[in-house]
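Residue-level structural notes
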Amino acid sequence: MILPFLYLPLYELIIGTTIFIVVWIMCGYKLPSKIFRICSVLMLILGLVIIVCYTLIGRPISSHRVILVPFITLQWAISNPEYYRTLFLNILLFLPLGLGLAGVLYSKVSYSICIMIMLTAGFFLSAGIELMQYYFSIGDTEVDDVICNTGGVALAVVALKILKWLKFKSKG
């Protein structure tokens, strides 16, 4: 399953991602919490569907390569800048999952517990996908993918911090 936005120039992907995060923050700030939580559940489900479709479903059987060198993709990007896009898309892939989790959890558990749940879920989901890709020979198993996917969830943590700051400031 190839999504059309994957072919946008990297700067357009970055701008689009920034707008997406700002809209999520503003929805969390302006919408009643129950509506925001429902929207977050939908985003969480959509995020999971996109992750599974993009990483597991419909991929051809290919290599069994295992690349365990952290940040090797950055070295490859020096000679082939397309790898920067690959890194960013791996971050972007897990952003909806992170924002969905943040929206569902932020008013239910403490901030630190929310962060731990988000990062742990992102890490283990990503590692599980990499293991399945290896087992079914449907892609390379790369530690950089796990790092970037977890980074997408970490970006959602930053967005949650901004949202919490806005809500605190408006009360003050």
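Definitions and cut-offs
- Residues numbered from 1 in each chain as written.
- Predicted model: local features only at pLDDT ≥ 70, side-chain atom pairs only at ≥ 80, totals over all residues.
- Heavy atoms only, no water.
- Helix = DSSP H or I, 4+ residues; strand = E, 2+ residues; numbered from the N terminus.
- Rg over C-alpha atoms; globule rule 2.2 N^0.38 Å.
- Buried < 20%, exposed > 50% of the residue type's maximum accessible area, 1.4 Å probe, protein only.
- Contact = heavy atoms within 4.5 Å.
- Areas by Shrake-Rupley, 256 points an atom, 1.4 Å probe, with all protein chains shown as cover.
- Lys, Arg positive; Asp, Glu negative; His and termini not counted.
- Charge placed at Lys NZ, Arg CZ, Asp CG, Glu CD.
- Arc of directions from axis to C-beta.
- pLDDT = per-residue confidence, 0-100.
- Salt bridge = Lys/Arg side-chain N within 4 Å of Asp/Glu carboxyl O.
- Patch = residues over 30% accessible without salt bridge, like charges linked within 9 Å, V, L, I, M, F, W, Y side chains within 5 Å.

1. A word on the overall build of the protein chain
- The secondary structure content of the protein chain amounts to six helices and two strands.
- Its helices and strands taken in sequence order, the protein chain reads α-α-β-α-α-α-β-α from the N to the C terminus.
- Taking 172 residues into account, the globule formula puts the C-alpha radius of gyration at 16 Å, and the protein chain, at 17 Å, falls close to it.
- If one aligns the C-alpha atoms of the protein chain with their principal axes, the spans along those axes are about 55 × 30 × 25 Å.
- The buried share of the protein chain, taken over its 172 residues, is 40%.
- Intrachain contacts of the protein chain at a sequence separation of at least 6 include 81% that bridge at least 24 residues.
- For the protein chain, the accessible area works out to roughly 9,700 Å², and carbon and sulfur atoms hold 75% of it.
- Across the protein chain, the mean location of the 12 positive side-chain charges is 25 Å away from that of the 7 negative side-chain charges.

2. Comments concerning helix H3 (residues 72-79)
- All of the buried residues in H3 are Ile72, Thr73 and Ala77. Along the axis of H3, the buried positions cluster into a sector of 145°, meaning they face one direction only. Those residues of H3 that are exposed and aimed more than 90 degrees away from the buried face are Gln75, Ile78 and Ser79.
- Looking at the buried residues of H3, the elements they touch are strand E1 (66-67), helix H4 (82-105), strand E2 (141-142) and helix H6 (143-171).

3. A short note on the confidence of the model for the protein chain
- Per-chain confidence: the protein chain averages 92 in pLDDT, with 96% of residues scoring 70 or above.
- The least confident element of the protein chain, judged by mean pLDDT, is helix H1 (residues 10-30) at 93; the most confident is helix H5 (residues 111-135) at 96.

4. Looking at the pattern of salt bridges
- By the definition in use, this model includes two salt bridges.
- For Asp140, the salt bridge is made with Arg65, and the minimal N-O distance between the two is 2.5 Å. Taken together, the positions of Asp140 in the loop between H5 and E2 and Arg65 in the loop between helix H2 (33-55) and E1 put the pair 75 residues apart, joining distant regions of the chain.
- The shortest N-O distance in the salt bridge between Arg85 and Glu82 comes to 2.8 Å. Within this pair, Arg85 and its partner Glu82 are both found in helix H4, separated by three residues, close to a single helical turn.
- Among the residues examined, Arg85 registers a relative accessible area of 14% and is labelled buried.

5. Focus: a nonpolar patch on the surface
- On the surface, Val66, Leu68, Met132, Tyr134, Tyr135 and Phe136 cluster together to form a nonpolar patch covering roughly 640 Å² of accessible area.
- Tallying contributions element by element places H5 first for the nonpolar patch, with three residues.
- As for its placement among the helices and strands, Met132 is situated in helix H5.

6. A word on unusual backbone geometry
- With phi around 65°, Phe71 is a residue other than glycine that occupies positive phi space.
- Turning to its location among the elements, Phe71 is positioned in the loop between E1 and H3.

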